[in-house]
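Results of the structural survey
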Amino acid sequence: MRSFWSDPFLWIHLSGAATLPIFLGLCLLGLAVGSPLLPVWLEMFLVAVAGIVPVLWMQWFRPFYIFSILVVAVKPQNLTSLQQRILTRFKTKLNKGIALFVAVLLAVILWQLYRFAPLAASVAPFPPSLRWAGLLLAASAFLASNLFLQVSASVMGVLLTPESEFAATKPHVLEKIRQDFTIAPWQVDRLLPALAAETTAAVAAPAESIEPASGIGNSSAGSIVNPKPADTNGVTFLPEQSSEKK
């Protein structure tokens, strides 16, 4: 396993792709409301622009800061060197290419949803007269689809980085993280519990530093449990005296 695979934020955001069917389903229901108010190509263009452009722009210029959950993020100054290297991987040309590919893929999926939307008219969430509400729902759901898939795809690109290439990656400069990444507004010192490996390392270090002192304590304890014969003649005869009483 690669060293950076141990970071839980990578796996949390990779699993975000599981929400894609939910949001695409909501997009389909929104498109199924009523009849088109505008030409078909124009409606689809507006939904596509609203859903694709903001997320694509973000991933190209200020990628999503993955050390966050919903609206809460870890303060950049609290990131480890490994996490700073992970951030650097999100600014590569590969991730820009992945973002463009995902945008095109979802545009094709949107066209297919628009084609099959009439089949879902019977389960549309709004009456036919509220076509504008349906388009708003479709655009919002399509935006969420782009966000979750784009972030998951970029995380996959980082996870597939060879170990040697990741080791040669320089940590992202702390002072530039806020201007280079899209960070949630509420920032805290820690979001997730410390990993078992980190806890073990933190406990092992103090234990090693006090080992000589504990060794002295053990020797003194050993002298009490096993005292010198010259000092404990009376004690060594206690078992014999007790046996005589019996």
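You'll find the structure just up there.
Below: a short report on this structure. (Residues numbered from 1 in each chain as written. Predicted model: local features only at pLDDT ≥ 70, side-chain atom pairs only at ≥ 80, totals over all residues. Heavy atoms only, no water.)

**A closer look at the overall build of the protein**
Helices and strands together make up the secondary structure of the protein, namely 12 helices and 3 strands. Going through the 246 residues of the protein one by one, you find that 35% of them count as buried. As presented, the protein carries roughly 14,500 Å² of accessible surface, and 71% of it is formed by carbon and sulfur atoms. (Helix = DSSP H or I, 4+ residues; strand = E, 2+ residues; numbered from the N terminus. Buried < 20%, exposed > 50% of the residue type's maximum accessible area, 1.4 Å probe, protein only. Areas by Shrake-Rupley, 256 points an atom, 1.4 Å probe, with all protein chains shown as cover.)

**Comments concerning helix α2 (residues 20–31)**
Along an α-helix, a turn takes 3.6 residues, which lines up residues three or four apart on a common side. Helix length check: α2, at 12 residues, gives a terminal C-alpha distance of 17 Å against a target of 16 Å (1.5 Å per residue), a fit within 8%. Within α2, the full set of buried residues consists of L20, L24, C27, G30 and L31. When α2 is viewed along its axis, its buried side chains cluster within an angular range of 115° and face the same direction. Seen from the open side of α2, the exposed residues pointing more than 90 degrees away from its buried face are P21 and I22. Lining the buried residues of α2 we find α5 (93–116) and α6 (131–159). (Expected span 1.5 Å × (residues − 1). Arc of directions from axis to C-beta. Contact = heavy atoms within 4.5 Å.)

**Side note on unusual backbone geometry**
With a phi close to 60°, L70 is a non-glycine residue in the positive phi region. Mapping L70 onto the fold places it in the loop between β1 (68–69) and β2 (72–74). According to the relative accessible area criterion, L70 is exposed, its value standing at 76%.

**Re the pattern of salt bridges**
Tallied over the entire structure, the rule returns 3 salt bridges. Of the charged contacts in the structure, one is a salt bridge between E43 and R131, with a shortest N-O distance of 2.6 Å. With E43 in helix α3 (residues 40–61) and R131 in helix α6, this pair connects stretches of sequence that are 88 residues apart. R131 shares its class with E43; the two are buried. One salt bridge in this structure joins D189 and K75, with 3.4 Å as the shortest N-O distance. Separated by 114 residues along the polypeptide, D189 in the loop between β3 (186–188) and α9 (196–209) and K75 in the loop between β2 and α4 (81–89) bring together distant segments of the chain. (Salt bridge = Lys/Arg side-chain N within 4 Å of Asp/Glu carboxyl O.)

**Looking at the packing of aromatic side chains**
Enumeration over the complete set of coordinates arrives at 6 aromatic pairs. With centroids separated by 5.5 Å and ring planes inclined at 40°, the aromatic side chains of W57 and F61 adopt a geometry described as tilted. Taken together, the residues W57 and F61, both in helix α3 and 4 residues apart, mark about one turn of the helix. Residue W57 is classed as partly exposed on the basis of its relative accessible area, which comes to 47%. Grouped by ring-pair contacts, the aromatic residues F9, Y65 and F67 constitute a single cluster. (Phe/Tyr/Trp six-rings, centres within 6.5 Å; stacked < 30°, edge-to-face > 60°.)

**Structural notes on the packing of α2 against α6**
Between α2 and α6, the least distance of the axes is 7 Å, while the angle of their chain directions is 160°. Considering their axes alone, α2 and α6 lie roughly antiparallel with respect to each other. Judged by the sense of rotation from one axis to the other, the crossing of α2 with α6 is left-handed. On α6, the residues touching L20, F23, L24, L26, C27, G30 and L31 of α2 are R131, G134, L135, L137, A138, A141, F142, A144, S145, F148 and L149. (Axes fitted to C-alpha atoms, helices over the stretch in contact; angles between N-to-C directions. Parallel < 35°, antiparallel > 145°, perpendicular 65-115°, else oblique. Left-handed = near helix turned anticlockwise from the far one by under 90°.)

**Concerning the layout of surface pockets**
Estimated volume of the second largest pocket: approximately 270 Å³. Taken together, I12, H13, G16, F64, S68, I69, L70, L147, F148, V151 and S152 make up the full set of residues lining the second largest pocket. Where the lining of the second largest pocket is concerned, the elements lending two or more residues are α1 (8–14), β1 and α6. Of the residues forming the lining of the second largest pocket, the biggest block, 4 residues, is contributed by α6. A class-by-class count of the residues in the lining of the second largest pocket yields 7 nonpolar, 4 polar and no charged. (1 Å grid on protein atoms, 1.4 Å probe; cavity = no way out; pocket = protein on both sides within 12 Å on 5 of 7 lines; lining within 4 Å. Points joined across faces, edges and corners; volume = space filled by probe spheres on them. Nonpolar A, V, L, I, M, F, W, Y, C, P; charged D, E, K, R; others polar.)

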